[in-house]
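Listed below, chain by chain, are the residues.
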Amino acid sequence: MTKRQQLHVEPSHVPARVHPAGSEARVLLTSVFGPYGQDDEYGSRRMNPMELYHNQVTRTQGAFSLRMFHRSWGLMMIQANIDAPCTLLDFPTLDRFIEELRTRQYDVIGISSIIPNVYKVQKMCQLIRQYQPNAEIVIGGHIANVPDLAKRIDADHIVRGEGVRWFRRFLGEDETRVVRHPVITSGIGTRNVGVTLRERRGDVAATIIPSVGCPMGCNFCSTSAMFGGKGKWVDFYRTGDELFDVMCQVERELGVSSFFMMDENFLFHRKRALRLLELIEKNDKAWALYVFTSANVLRSYAIDQLVRLGISWVWMGIEGRNSQYTKLSGIDTFALVRELQSHGIRVLGSTIIGLENHTPDNIDEAIEYATRHDTDFHQFMLYTPIPGTPLHAELTAKGLMKDESEFHASDIHGQLKLNYRHPALNDQQTAELMVRAFNRDFEVNGPSTTRIVRTTLAGYRRYKNHPDQRVRRRFVWEARELATSFSAVVAAARLYYRDKPVMYAKMTALLRELNAEFGWKSRLSAAIGGRWLLRKIRKEEKRLAAGFGYEPPTFYERNAAVTDRPEVPVCHFATPTVVPPPLPSGIVMPSLPVRESELAGV
């Protein structure tokens, strides 16, 4: 066995040793290379672009689909939290990655990836060995859960879980010091109805990552499994005081009033959330928060608490009728969605297709069940057992997992086919059912953009005269474009659907509500902007029909320790100045066992 092979089988819980160069080691962090939305020899798939919403939420909404990119937040988190000179190459092309290897020398090269991109990781490892044979390769992200990954790629470290502490240990740095938060805008290149939105200062929400992992521990959830499973998670900011401090710093840096809280179940951490509410009110912050949460946790808060906290958008699992998951036990999700929307809280519902009880005879009923929720957005995903999850272990034990000769790894992304033998559905059926689900939601409920308008208008009407001036200010800010841009969007949708009576009537009614609320400004914007946007929509439809796809730009950044590249942008971060109180004697914070660590764990 070679030295390199010995490194493959080292324990994954901690680095086998500190890197010889310690904190002087030159580090390159990189995402896998593009393109991402085109079919190629390395596993890219046109139907699996690097776009969260268009990929699995607004997939068949055409020109109405919400298009945007999100940075590799895990890599940004690691870069901000090591003192070693670190360069980040995000969304490179293959040629750009090779150029970096040829022109700059590194001691450590870290790659973050999901499982469908395994062939890209394989190629990148080969190139690193070719151009930089002395560099140590670190692989992380969901791909690290593949059981035999060490046999498929040539890497030195394959690690799972939370990456900041792992890298600090590996580089001989203090792993216990406060976690610095990178300054992140949540979306890049947002596009809808054929128009790329302007991204002025403060327009785009900032991303905040309070914790990683989900204590709910659904058996299919790869994120929960990666960070310890049911009942476990890792806090970056344990208290509301720490979190508020970071948010204030990011607010000053970006000029934002809204935050995307990248936490699998943000409201589950009730003490932290309610303390954050206290601080928000005390300091008169009219912030809007976009959160992931579960239905049972949402129900544990009064609607007044959610409104005062600034909860403006929630992503929650609906899963399916008679779901086995306790997070939905005894909850009328229809009533919950209606209540949230009536208070201006936009809802992204998530439904699973291909559950064990789904058959060709009952699947349409399941799709109708999801569609009737009329959420502002709706995600559909295939029931996919990912390596490392309890579901994968269960189906493996039953002998139901397919052999990899029966599928291509790059096609197991939750939108096409299953990697296990379903008792009633085959691959051709699952591919068709996914499209059917998205189409049905779009056909019945219309474009997600206009649904957002409906919910935002409901919230504005309800709270525009609220006695709390801070609450009023937030709803006025969220409604700031209803009379102009969004009146034009609804008018364009109305013209678009003039040959479909039901949807035409729905758009007409919504436009009348906007006109009644905002008067001449709304009517003028609709009259002029509606026809202009309709032309944009038609043009976008032609581009998409011709096969046009969107790709993210390449980002190249350094931390302050890289002193020989002054022309390269420096990453910015917020450092909490609030020290959390010590835990009471005998209390252990829920977290991962130390061995659960990885490169890019967000």
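Owing to the predicted nature of the structure, the values given are computational and were not obtained by experimental measurement.

Draft legend 1. Main features of the pattern of salt bridges. Scanning the model with the defined rule gives 47 salt bridges in all. When the shortest N-O distance is used, the salt bridge between E51 and R67 registers 2.7 Å. Here the residue E51 occupies a position in the loop between β1 (27-31) and α2 (52-56), and R67 occupies one in strand β2 (residues 67-69), the gap between them amounting to 16 residues. The class of E51 is buried, set by a relative accessible area of 1%. For R191, the salt bridge identified is with E540, shortest N-O distance 3.0 Å. With a gap of 349 residues between them, R191 in strand β8 (residues 188-192) and E540 in helix α21 (residues 520-545) connect regions that are remote in the sequence. Using a relative accessible area of 12% as the deciding quantity, one classes R191 as buried. Residue classification places E540 among the buried residues on the basis of a relative accessible area of 3%. What you see here is one network of salt bridges that share partners, running through D83, E173, R177 and R180.

Draft legend 2. Region of interest: the packing of aromatic side chains. One pass over the full model with this rule turns up 27 aromatic pairs. Measuring from centroid to centroid gives 5.2 Å for F334 and Y369, while their planes differ by 85 degrees, and the two rings are edge-to-face. With F334 in helix α13 (residues 333-342) and Y369 in helix α14 (residues 363-371), this residue pair connects regions lying 35 residues apart in the sequence. With a relative accessible area of 13%, Y369 lands in the buried category. One aromatic cluster is present, built from ring pairs that chain together Y53, W73, F260, Y290, F292, W313, W315 and F377. One Lys or Arg, R474, reaches over the ring of F475 and ends 4.2 Å from the middle of that ring. Over the ring of W477 we find R480, and its NZ or CZ is 4.0 Å from the ring centre.

Draft legend 3. Quick peek at the sheet that holds strand β9 (residues 195-196). Sheet architecture is open: three strands sit in the order β2-β8-β9, paired in antiparallel fashion. The sheet terminates laterally at β2 and β9, the two strands that pair on one side only. One ladder, built from two bridges, connects β8 with β9; its direction is antiparallel. Along β9, the bridge assignment pairs R191 with T196.

Draft legend 4. Region of the structure containing the layout of surface pockets. Empty space within the largest pocket amounts to approximately 1400 Å³. Lining the largest pocket are 46 residues, and of these T190, L197, D203, E481 and F486 lie nearest its centre. For the lining of the largest pocket, the per-class residue count stands at 22 nonpolar, 16 polar and eight charged.

Draft legend 5. Structural detail: helix α7 (residues 163-170). Most of α7 sits inside the fold, with seven of its eight residues counted as buried. Residues of α7 that are buried include every one of G163, V164, W166, F167, R168, R169 and F170, and no others. Where α7 is buried, its residues meet β1, α3 (73-80), β4 (108-112), β5 (136-140) and β6 (157-158). Taking the backbone nitrogen of V164 as reference, a side-chain oxygen 2.4 Å away marks E162 as the first, capping residue of α7. Backbone geometry just downstream of α7 places G172 in the positive-phi region, at approximately 70 degrees.

Draft legend 6. Examining the confidence of the model for the protein more closely. Averaged over the protein, the pLDDT score is 91; the fraction of residues at 70 or greater is 92%. Ignoring residues within four places in sequence, the model shows residues 585-602, a span with pLDDT below 50, making 70 contacts including any to other chains.

Draft legend 7. Expanded view of unusual backbone geometry. For the peptide bond that leads from G34 to P35, omega is 10 degrees, which places it in the cis range. A positive phi angle, near 60 degrees, is found at D284, a position not held by glycine. Within the fold, D284 resides in the loop between α10 (270-282) and β14 (288-292). Backbone geometry places D374, a non-glycine residue, at a positive phi of 50 degrees. Along the chain, D374 falls in the loop between α14 and β17 (377-382). Its relative accessible area of 15% is what places D374 among the buried residues.

Draft legend 8. Looking closely at the side chain of E173. Considering the arrangement of structural elements, one finds E173 in the loop between α7 and β7 (181-182). Reaching out from E173, the side chain makes a polar contact with the backbone nitrogen of A84 at a distance of 3.1 Å.

Conventions used here
Positions within a chain are numbered from 1, following the residues in the order the chain's sequence is written. Note on the predicted model: pLDDT of at least 70 is required for a residue's local features to be given, and 80 or more for side-chain atom pairs to be given and counted; whole-chain, interface and lining totals, by contrast, use all residues. Values shown for side chains rest on all heavy atoms present in the structure; no hydrogens or waters enter the calculation. In the sections that follow, a salt bridge refers to a side-chain nitrogen of Lys or Arg positioned within 4 Å of a carboxyl oxygen of Asp or Glu. Only DSSP runs of H or I reaching four residues or more are called helices, and only runs of E reaching two or more are called strands; each is numbered from the N terminus. Relative accessibility under 20% of the residue-type maximum defines a buried residue, over 50% an exposed one, and the middle range a partly exposed one, all with a 1.4 Å probe and only protein chains included. Centre distance within 6.5 Å is the pairing criterion for rings of Phe, Tyr and Trp, where only the six-membered ring of Trp is used; planes under 30 degrees apart are then read as stacked, over 60 as edge-to-face, and the remainder as tilted. Definition used: whenever NZ (Lys) or CZ (Arg) falls within 6 Å of the ring centre and also within 35 degrees of the ring normal, the charge is taken to sit over that ring. Paired strands, as defined in this entry, are two strands with at least two bridges between them according to DSSP. A cavity here means a set of points on a 1 Å grid, drawn over the protein atoms and nothing else, where a 1.4 Å probe fits but cannot get out; a pocket is an open set with protein on both sides within 12 Å along at least five of seven lines, and a residue lines either one if it has an atom within 4 Å of a point. Grid points are joined across faces, edges and corners, and a volume is the space filled by probe spheres set on the points. Residue classes follow a fixed rule: Ala, Val, Leu, Ile, Met, Phe, Trp, Tyr, Cys and Pro count as nonpolar, while Asp, Glu, Lys and Arg count as charged, and any other residue, Gly among them, counts as polar. Every residue pair with non-hydrogen atoms within 4.5 Å of one another is taken to be in contact. A 3.5 Å cut-off defines polar contacts: any pair of N or O atoms within that distance qualifies, except that in protein one atom must be a possible hydrogen donor and the other a possible acceptor, and neighbouring residues in sequence count only when both atoms are side-chain atoms. Confidence scores per residue from the predictor, reported as pLDDT, run from 0 to 100.

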